[in-house]
Amino acid sequence: MADELVGVIGGTGLGDALAAAMTGSEFREVETPFGAPSGPVLVGALGARRIAFLSRHGPGHTLSPSEVPYAANIFALKKLGARAVIASGAVGSLRDEIAPGDLVIVDQLIDKTFKRTPTFFGGYGAVHCEMADPTCGRLRQALLRTADPLDIRIHPQGTYVCMEGPQFSTRAESRMHRAWGGDLIGMTAMPEAKLAREAQMCYALVALVSDYDCWRPHDASK
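Residues numbered from 1 in each chain as written. Predicted model: local features only at pLDDT ≥ 70, side-chain atom pairs only at ≥ 80, totals over all residues. Heavy atoms only, no water.

**Points about the overall build of the protein**
- Helix and strand content of the protein: 5 helices and 11 strands.
- Relative to a compact globule of 222 residues, whose C-alpha radius of gyration would be 17 Å, the protein shows 17 Å and is just as compact.
- Oriented by its inertia axes, the alpha-carbon framework of the protein measures out at about 50 × 45 × 35 Å.
- Relative to its full complement of 222 residues, the protein shows a buried share of 48%.
- In the protein, 80% of the contacts between residues at least 6 apart in sequence involve partners at least 24 apart.
- Accessible surface for the protein amounts to roughly 11300 Å². Of this, 54% is attributable to carbon and sulfur atoms.
- Within the protein, one finds 22 positive and 24 negative side-chain charges whose respective centroids are separated by 2 Å. (Helix = DSSP H or I, 4+ residues; strand = E, 2+ residues; numbered from the N terminus. Rg over C-alpha atoms; globule rule 2.2 N^0.38 Å. Buried < 20%, exposed > 50% of the residue type's maximum accessible area, 1.4 Å probe, protein only. Contact = heavy atoms within 4.5 Å. Areas by Shrake-Rupley, 256 points an atom, 1.4 Å probe, with all protein chains shown as cover. Lys, Arg positive; Asp, Glu negative; His and termini not counted. Charge placed at Lys NZ, Arg CZ, Asp CG, Glu CD.)

**Observations regarding the pattern of salt bridges**
- Per the counting criterion, the structure on display carries 9 salt bridges.
- For Asp102, the salt bridge goes to Arg153, with nearest N and O atoms at 3.5 Å. Taken as a pair, Asp102 in the loop between strand 5 (82-93) and strand 6 (103-105) and Arg153 in the loop between helix 3 (137-147) and strand 8 (154-155) lie far apart in primary sequence, 51 residues in all.
- Residue classification places Asp102 among the buried residues on the basis of a relative accessible area of 6%.
- A salt bridge links Arg197 to Glu130; the shortest N-O distance between them is 3.4 Å. (Salt bridge = Lys/Arg side-chain N within 4 Å of Asp/Glu carboxyl O.)

**What about the environment of Arg153?**
- According to the relative accessible area criterion, Arg153 is partly exposed, its value standing at 47%.
- A C-alpha to C-alpha distance of 9.2 Å links Arg153 and Ile98, two positions 55 residues apart in sequence.
- Within the structure, the side chain of Arg153 is placed 3.5 Å from the side chain of Asp102, a separation counted as a polar contact. (Polar contact = N/O pair within 3.5 Å; in protein donor to acceptor, adjacent residues only side chain to side chain.)

**A look at the side chain of Arg116**
- Along the chain, Arg116 falls in the loop between strand 7 (108-111) and helix 3.
- Among the polar contacts listed, one links the side chain of Arg116 to the backbone oxygen of Met163, at a separation of 3.5 Å.
- In this structure the side chain of Arg116 is engaged in a polar contact, spanning 2.8 Å, whose partner is the backbone oxygen of Glu164.
- The contacts of Arg116, once residues within four sequence positions are left out, are Pro65, Ser66, Tyr70, Cys162, Met163, Glu164, Met187, Thr188, Met190 and Pro191.

**As for helix 3**
- Turning to helix 3, its buried residues number three or more, namely Leu139, Arg140, Leu143, Leu144 and Ala147. Each buried residue of helix 3 sits inside an arc of 140 degrees when the element is viewed along its axis, so together they form one side. Opposite the buried face of helix 3, at more than 90 degrees from it, the exposed residues are Arg138, Arg145 and Thr146.
- Buried-residue contacts for helix 3 involve strand 5, strand 6, strand 8 and strand 11 (202-212). (Arc of directions from axis to C-beta.)

**As for unusual backbone geometry**
- The omega torsion across Gly165 and Pro166 is 5 degrees, close enough to zero to call that bond cis.
- Tracing the backbone through its elements, the reader meets Pro166 in the loop between strand 9 (159-162) and helix 4 (171-179).
- Between Met190 and Pro191 the backbone carries a cis peptide bond, its omega angle lying at 5 degrees.
- Inspection of the secondary structure assignment puts Pro191 in the loop between strand 10 (184-186) and helix 5 (192-198).

**Details of the environment of Gly101**
- Within the fold, Gly101 resides in the loop between strand 5 and strand 6.
- You can call Gly101 partly exposed: its relative accessible area is 44%.
- Sequence separation of Gly101 and Arg153 is 52 residues, and the distance between their C-alpha atoms is 7.9 Å.
- Residues contacting Gly101, with those up to four places away along its chain left out, are Ile152, Leu208 and Val209.

If you want it as structure tokens, here you go:
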């Protein structure tokens, strides 16, 4: 295993920004027992930290949420030496007070996915994993400290409902998610967080609110 580094999972835009800021970077092809990851992993230095960035939806954003090879992605980052994963993702808001453009440092997750492989241990035995707090408290606090001086509205916690997709919710489903206590709706955090826990990696999720989900009527004039 390589030297310790921080794994980052996100979209192409984040990857482009990191690539411009990183030094000594190179793409690594990583083989895993769970198939190929979404694409090559960009490894380099960002300040004093070594970073391994993986584009979740692959080059050209070609993989749908159900097609992302989550197990291969987490395994690849672990194999390269990552002990922590910082993930990002766009979400819809289920709360008036969480507005488009806000960031949320997610602390809880509700898993509604059903097509994806949620464990590394299928076929090997009955392996159980504690998931009461699916994100890492220490990593979340580090992100909040880093974000504190920024001129961005940041919510220190929020419950993310992960649906299968690729379709968005019906209005009845959106209202149900609110009744469950969900604050955000997205399609990619699960089983990513579960697999990171099984791999004994700290996991944190920065959610970018793109819009209000359909529970709230949209302004047709905008």
